[in-house]
Amino acid sequence: MKKIKVVQWGLGAMGSGMAKLMLEKEGLEIVGAIDTRPDYIGKDLGEVLKLGRNLGVKVQNTPAGLLQKGKVDICMQAINSFTKDCFGDMKIVVESGVNLITIAEEMAMPEAQQPELARQLDELAQKNGVSVLGTGINPGFILDAQVVMLSAACLNVTRIEAARINDLSPFGPTVMKTQGVGATPEEFERGIKSGEIVGHIGFPESIRMIAQALGLKIDRIEETRKPIISNVYRETPHVKVQPGMVAGCEHVGVGYCNGKEVIKLVHPQQIHPHLEGVKTGDYINIFGDPEVHMSNQPEIPGGKGTMAVAVNSIPNVVRATPGLKSMVDLPIPGCLMGNSAYDRR
Ligand code: NAD
């Protein structure tokens with residue numbers, strides 16, 4: 001079997017996990033790695049990933065000389081969240097004639113908030129004969145692609161409500177800040193106003209993906225972010241939360257049609273939810289005929305889920321027709337466990 005040659009761009013929490021996962025997959029071969037971290041540059045990827053062996057792949061701080069059409073099939077980017085921030089780096093990949101998967105949240109459906117950049121990327125991808133996919137656990141899977149998939153068993157759908165209730169404890173300081181964990185209620189309100197606290201990134205993208213796939217008309221999306229105030233002391237290696245302080249953010253996104261709620265996505269994220277008896281899980285409720293009620297407890301872990309969805313989507317993206325794609329444009333991905341997974345039609 002001819003292996004799919006991959007460059008990993010970004011070796012942080014997600015990118016390094018994706019690289020380790022790719023090393024376990026018989027149909028994938030890592031041929032390059034990029035990260036700007038000074039302590040990674042020039043080191044063997046095996047050393048950066050703490051594998052105890054070298055892989056013969058040196059980490060570069062730029063893609064110079066690496067992304068050659070024919071020598072690289074796909075680049076995996078795990079560097080940031082917003083389309084405008086990663087557009088330049090995505091353009092470099094696409095103009096090199098290399099397919100791209102990014103886990104930037106807004107790229108799950110960039111048309112939702114950056115229609116002009118999405119159009120440009122689609123045009124560039126078509127011109128260079130490659131495809132581009134934004135994916136991850138959420139957006140990219142739980143609260144959108146999976147909802148769409150379940151709706152295929154319905155004769156009709158009147159309303160969708162889905163929730164992902166998860167534990168933020170394993171995440172680092174950036175996530176704590178953007179979710180407002182450790183803030184006072186007043187600091188939380190100020191952070192929301194200034195844009196320093198954002199909650200979840202991806203509701204407009206997920207709502208648009210579902211609406212587009214089902215042909216539901218959405219004329220307005222509203223998002224609300226409320227602090228989850230802790231009644232008990234909670235602590236992680238990065239933050240301490242006293243009773244009365246913020247343990248997380250309850251973020252809700254609603255898509256309306258003619259004033260009626262059609263798609264509601266609920267995503268309360270907090271550290272140590274179990275300390276107040278909150279059970280984590282993923283829930284999808286589709287109202288229509290028949291009703292579908294899917295429940296998974298505890299939630300699919302965000303880190304492993306993101307690495308897996310991105311890596312397992314590689315053959316689909318390599319085989320896809322050129323252009324900008326979303327998860328609902330491509331065949332259903334599955335866990336890559338053997339040769340036949342790479343040769344599907
Ligand atoms: P991280 O901060 O741990 O890692 C980012 C890495 O990228 C760092 O090593 C950094 O040095 C490197 N980097 C940044 N800009 C670069 C550039 N221009 N060139 C080369 N290297 C660069 O972050 P993470 O936890 O790995 O997540 C990466 C991104 O993916 C975040 O923005 C996160 O919000 C997003 N994400 C999305 C999903 C999803 O479900 N779609 C899930 C998890 C994370």
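None of the values given here were measured: they were computed from a predicted structure.

Participant: What am I meant to see in the nonpolar core here?
Facilitator: Inside soluble globular proteins, nonpolar side chains tend to come together where they are buried. Counting residues in hydrophobic clusters, the biggest one holds 39 residues, and the most contacted among them are Met18, Met76 and Ile314. Residue assignment for this core shows that the elements contributing at least two residues are β1 (4–9), α1 (13–23), β2 (28–34), α2 (45–48), β4 (74–77), α9 (302–312) and α10 (314–319). A per-element tally of this core places α1 first, with five residues. For methionine 76, the contacting residues outside a window of four places in its chain are Val6, Val7, Gln8, Trp9, Met18, Met22, Ile101, Ala310, Val311 and Ile314. Core analysis: the second largest hydrophobic core is formed by 24 residues, Val72, Cys75, Phe87 and Ala125 among them.

Participant: What am I meant to see in the pattern of salt bridges here?
Facilitator: Close approach of charged atoms allows side chains with opposite charge to pair. Under the defined criterion, the tally for this structure stands at 12 salt bridges. Glutamate 161 is paired through a salt bridge with arginine 159; the nearest N and O atoms lie 3.2 Å apart. Classification of glutamate 161 as partly exposed rests on a relative accessible area of 25%. By relative accessible area, arginine 159 is classed as partly exposed at 26%.

Participant: Please clarify how the site of the ligand should be interpreted in this entry.
Facilitator: Neighbouring residues of the ligand: 23 residues in total, closest Ala13, Met14, Asp35, Ser81 and Glu105. Here an oxygen atom of the ligand and a backbone polar atom of glycine 12 are 3.5 Å apart. Separating an oxygen atom of the ligand from a backbone N or O atom of asparagine 138 is a distance of 2.9 Å. When the ligand is considered free in solution it has 860 Å² of accessible area, and contact with the protein chains removes 73% of it. Ranked by residues supplied to the shell around the ligand, first place goes to α1 with three residues.

Participant: Sorry if this is basic, but what is going on with helix α3 (residues 83–95) here?
Facilitator: Residues spaced three or four apart along an α-helix point in a common direction, a consequence of the helix completing one turn every 3.6 residues. For α3, spanning 13 residues, the distance from its first C-alpha to its last is 17 Å, which sits close to the expected 18 Å at 1.5 Å a residue. Where α3 bends most, the angle comes to about 35 degrees, and this point is aspartate 89. Residues of α3 that are buried include every one of Thr83, Cys86, Phe87, Met90, Val93 and Val94, and no others. The secondary structure elements touched by the buried residues of α3 are β1, β4, β5 (99–102), α4 (115–128) and β6 (131–134). Positive phi shows up at glycine 97, right after α3, with a value of about 80 degrees.

Participant: Help me out: how do you make sense of unusual backbone geometry in this one?
Facilitator: With glycine set apart, most residues show a phi of negative sign, and most peptide bonds adopt trans. For the bond running from aspartate 289 to proline 290, omega is -10 degrees, close enough to zero to count as cis. Proline 298 follows glutamine 297 through a cis peptide bond whose omega is -5 degrees. The residue proline 298 is located in the loop between β14 (292–296) and α9 in this model. A positive phi angle, close to 55 degrees, is found at lysine 50, a residue other than glycine.

Participant: Would you mind going over the packing of α1 against α9 with me for this structure?
Facilitator: Axes are the key here: two packed helices are described by the angle between their axes and the distance separating the axes. It is at 9 Å that the axes of α1 and α9 come closest, and there the two elements cross at 55 degrees. With respect to α9, the axis of α1 lies oblique. Here α1 runs over α9; the crossing is right-handed. For the pair formed by α1 and α9, the contact residues are Ala13, Met14, Gly17, Met18, Leu21 and Met22 on the first element and Gly303, Thr306, Met307, Ala308, Ala310 and Val311 on the second.

Participant: Would you take a moment to explain the environment of serine 81 for this structure?
Facilitator: Along the polypeptide, serine 81 turns up in the loop between β4 and α3. Counting along the chain gives 131 residues from serine 81 to glutamine 212, while the straight-line C-alpha distance between them is 22 Å. The contact partners of serine 81, leaving out residues within four places of it in the chain, are Ala104, Glu105, Glu106 and Ile201. Among the polar contacts made by the side chain of serine 81, one reaches the side chain of glutamate 105 at a distance of 2.9 Å.

Participant: Explain the sheet that holds β4 here, please?
Facilitator: Strand pairing in a sheet relies on backbone hydrogen bonds, with the paired strands running either antiparallel or parallel. Here we have seven strands laid out as an open sheet, ordered β3-β2-β1-β4-β5-β6-β15, and parallel in their pairing. Every interior strand has two partners, whereas the edge strands, β3 (59–60) and β15 (323–325), have only one. Examined bridge by bridge, β1 and β2 share six bridges and lie parallel to one another. Residue pairing across strands places valine 7 opposite glycine 32, the latter belonging to β2. Docked against the sheet, α1 engages β1, β2 and β4, running at close to 160 degrees with respect to β1.

Participant: Before we go on, may I ask you to explain the sheet that holds strand β12 (residues 260–270) in this structure?
Facilitator: With mixed pairing, the six strands of this open sheet are ordered in space as β8-β11-β12-β7-β13-β14. Single-partner strands in this sheet number two, and they are β8 (220–229) and β14. The sheet shows a mean angle of 10 degrees between the axes of neighbouring strands, direction not considered. Bridge count between strand β7 (residues 156–167) and β12: six bridges; the pairing is parallel. Paired with alanine 163 across the strands is valine 266, a residue of β12. Across the sheet, helix α8 (residues 203–214) lies against β7, β8, β11 (246–257) and β12, angled at about 145 degrees from β12, the strand it touches most.

About the cut-offs
- Residue positions within a chain follow its written sequence, with the count starting from 1.
- For this predicted model, a pLDDT threshold of at least 70 governs which residues receive local features, and a threshold of 80 or more governs which side-chain atom pairs are given and counted, while totals over whole chains, interfaces and linings are taken from all residues.
- The side-chain quantities take in all heavy atoms of the structure and omit both hydrogens and water.
- Throughout, nonpolar core names a set of buried Ala, Val, Leu, Ile, Met, Phe, Trp, Tyr and Cys residues whose side chains join them through atoms within 4.5 Å.
- Think of it in three bands: with a 1.4 Å probe and only protein chains considered, a residue is buried below 20% of the maximum accessible area for its type, exposed above 50%, and partly exposed in between.
- Secondary structure elements are taken from DSSP: a helix is a run of H or I of four residues or more, a strand is a run of E of two residues or more, and numbering for both begins at the N terminus.
- Contact criterion: two residues are considered in contact whenever any of their non-hydrogen atoms come within 4.5 Å of each other.
- By convention in these notes, a salt bridge is any Lys or Arg side-chain nitrogen within 4 Å of a carboxyl oxygen on Asp or Glu.
- Whether a residue is near a molecule or strand depends on its heavy atoms: it is near if one of them lies within 4 Å of it.
- Counted as a polar contact is a pair of N or O atoms within 3.5 Å, where, for protein atoms, one must be capable of donating a hydrogen and the other of accepting one, and residues adjacent in sequence contribute only when both atoms are in side chains.
- Every accessible area reported is derived by Shrake-Rupley at a probe size of 1.4 Å, with residue values counting cover from the shown protein chains alone.
- A helix's residues, less one, multiplied by 1.5 Å, set its expected span.
- The bend reported for a residue corresponds to the angle between axes fitted to the seven residues ending at that residue and the seven starting there.
- Every angle, taken between N-to-C directions, lies between 0 and 180 degrees, and every axis is a line fitted to C-alpha atoms, over only the stretch in contact when it is a helix.
- The cut-offs work like this: below 35 degrees is roughly parallel, past 145 is roughly antiparallel, 65 to 115 is roughly perpendicular, and the gaps in between are oblique.
- In this scheme, a crossing is called left-handed if the near helix is turned counterclockwise away from the far one by less than a right angle; it is called right-handed if the turn is clockwise.
- Any two strands with at least two DSSP-identified bridges between them are counted as paired.

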